[in-house]
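Descriptive analysis of the structure
Listed below, chain by chain, are the residues.
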Amino acid sequence: MFATLLGALPRPPLPEGAPRDELVEVAVRAQETAGLDPVTDAGQRGDPPGLDGEDGRPGDAAHLAAIWEATQRLTVRAVKQALVGPYTLGRSGGGRVRDRRTATLEAARYLNGVLRELGAAGCPLIEVHEPSAVSIGADAAERNLFAEAHRRLLDGVDGTHRSLAVTGGNADGAGIETILGAPYDSLAVDLIAGPDNWRLVVNAPGDRGIVCGALSAASDSDDGPELLLWAVAYAASSGGRGPERVGLATASSLAELPWATAVRKLERLGDAARLIGLPRDERLQALDPRAVSSRSAALGRVEPRPTRAAADERDRGRDRT
C-alpha cells in the first residue's frame, strides 16, 4: 500500500526570499517523514508545468524534465511529476468552442513532448491533472475532445507509469470510456468533493490502478483511518483489482491550509497506509471498535472487553444450561 499527495502543500514556514530549492526540500522531507511514497515537489516550484507564459507559448520540454530531476536528487524515494492536462489547459483560455478545440489538441501535442522527455529522464510516474473533466458530463463533443486529446498526449509515451488525476467534483457523468479512453495505468479520483466518482472506480478495468483521494482538504475534517481503510478495501474489491493496485491520497490540494495542519494530514495519510500492512488483529486494535463491531455500532459506544473472571463466569453459566 502506498500513500501520496494529490495537489500542493502550503508554503513551508521559511523566511521570505528563501530559495525555491529549500522550499521544495522542506516539502519533500515532510512527505518522507509522514511515510508518503511517491513524493512530489508539492507545488513549491509554482503551478504544475503546462504551457508556460501568459501568452500560452510552450515552455521548454527539457527544462521541465530538469525540474523533476532537481526534486529527485533530494530523496531516495520515487518522485512523481504533476502536469496540468490538455483539456483543462484548453478551457483555461476561454474563447469559442472551435478555437478551444484547436488549443486543446495543440496543448496535447506539446505535452506529449514533455512526457517523452520526462520518461527519457527516468521519471517513474507522471500525473496528469484534469480538474476540468468535471464539466464534461453527457456532451458528446466534449467527451470526444477529452478522449482524443489524451490519446494524442500519451502517444508513444512508454517506460513510465501514466496516471490521470480528477479532482474538484464529480466526473462520472463523462463515463469511464471517456475518462480512461487513453491507455492510462491508473486513475486518481477525488472522493470527497466528488463522491459520485466511485462510479468511475467501480467501472474502471481491474488491471488499472486506483488512487483513492479520500483524505479531506478541509481543516476541520475527521481524518481517522477508518474511512481511509474502507475506501481502499472497496476499491480493491472492484473488478477483481486487488490491494496491490490501490493507493491512498489526499482528495485535493492542501495549499490553503496552515503548514502545521497540512503536515498533520500527511501524517494521518501515512499512518493509514501503514495500518493496512499490519496483521489483521493489530489493524483492528488500532481502529474505532464501532467501525468494526456491529454491537458497538448499534450501542453507539465502545463496550469494555470482558475480564478473564467475567469470561470464566460466563462460560460456567453456559455449562449449567
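Residues numbered from 1 in each chain as written. Predicted model: local features only at pLDDT ≥ 70, side-chain atom pairs only at ≥ 80, totals over all residues. Heavy atoms only, no water.

What about the overall build of the protein chain?
Along its length, the protein chain carries 13 helices and seven strands. Relative to its 321 residues, the protein chain shows a buried fraction of 49%. Restricting the contact set of the protein chain to residue pairs at least 6 apart, pairs at least 24 apart contribute 72%. Accessible surface, the protein chain: about 15500 Å² in total, of which carbon and sulfur atoms supply 50%. (Helix = DSSP H or I, 4+ residues; strand = E, 2+ residues; numbered from the N terminus. Buried < 20%, exposed > 50% of the residue type's maximum accessible area, 1.4 Å probe, protein only. Contact = heavy atoms within 4.5 Å. Areas by Shrake-Rupley, 256 points an atom, 1.4 Å probe, with all protein chains shown as cover.)

Concerning the packing of aromatic side chains
With the rule as written, the count across this model stands at four aromatic pairs. Arranged with centres 5.4 Å apart and planes meeting at 70 degrees, the rings of Tyr-87 and Phe-146 form a pair that is edge-to-face. Of this pair, Tyr-87 sits in helix H3 (residues 86-92) while Phe-146 is found in helix H5 (residues 140-154), placing the two residues 59 residues apart along the sequence. Taken individually, Tyr-87 and Phe-146 each receive the classification buried, so the pair is uniform in this respect. For the ring pair Trp-198 and Trp-230, a centre distance of 5.6 Å and an interplane angle of 75 degrees mean the geometry is edge-to-face. Here Trp-230 lies in helix H8 (residues 225-237) and Trp-198 lies in helix H7 (residues 198-203), a separation of 32 residues in the sequence. We classify Trp-230 as partly exposed; its relative accessible area is 47%. (Phe/Tyr/Trp six-rings, centres within 6.5 Å; stacked < 30°, edge-to-face > 60°.)

Quick notes on the packing of helix H1 (residues 20-34) against helix H9 (residues 259-276)
At a minimum axis distance of 8 Å, the contact between H1 and H9 shows a crossing angle of 35 degrees. Across the interface between the two elements, Val-26, Ala-27, Ala-30, Gln-31 and Ala-34 from H1 touch Trp-259, Val-263, Leu-266, Glu-267, Gly-270, Asp-271 and Arg-274 from H9. Residues that form the contact of H1 with H9 fall into these classes: seven nonpolar, two polar and three charged. (Axes fitted to C-alpha atoms, helices over the stretch in contact; angles between N-to-C directions. Nonpolar A, V, L, I, M, F, W, Y, C, P; charged D, E, K, R; others polar.)

Some thoughts on the pattern of salt bridges
Under the counting rule described, the total for this entry stands at 16 salt bridges. Its salt-bridge partner being Glu-148, residue Arg-152 comes within 2.8 Å of it at the nearest N-O pair. Pair noted here: Arg-152 and Glu-148 are both in helix H5, with a separation of four residues, about one helical turn. For Arg-152, a relative accessible area of 41% corresponds to the partly exposed category. (Salt bridge = Lys/Arg side-chain N within 4 Å of Asp/Glu carboxyl O.)

Topic: the pairing of strand S6 (residues 209-215)
The buried fraction of S6 amounts to seven of the seven residues, a majority that puts the element mostly inside the structure. Sheet analysis places strand S5 (residues 186-190) next to S6, joined by five bridges and oriented parallel. Paired with Val-189 across the two strands is Cys-212, which belongs to S6. As a crossover connection, the stretch from S5 through H7 into S6 is right-handed. As defined by bridge partners, S6 adjoins strand S7 (residues 246-250) across five bridges and the pair is classed as parallel. Of the residues in S7, the one forming a bridge with Ile-210 is Val-246. After leaving S6, the chain enters H8 and then returns to the sheet as S7, a path that is right-handed. (Pairing = 2+ DSSP bridges. Right-handed = clockwise from strand over helix to strand, strands pointing away.)

Digging into the environment of Ala-3
Residue placement: Ala-3 occurs in strand S1 (residues 2-4). Accessibility expressed as a relative area gives 1% for Ala-3, which makes it buried. For Ala-3, the residues in contact, after removing those within four places along its chain, are Leu-36, Asp-37, Pro-38, Leu-248, Leu-269 and Ala-273.

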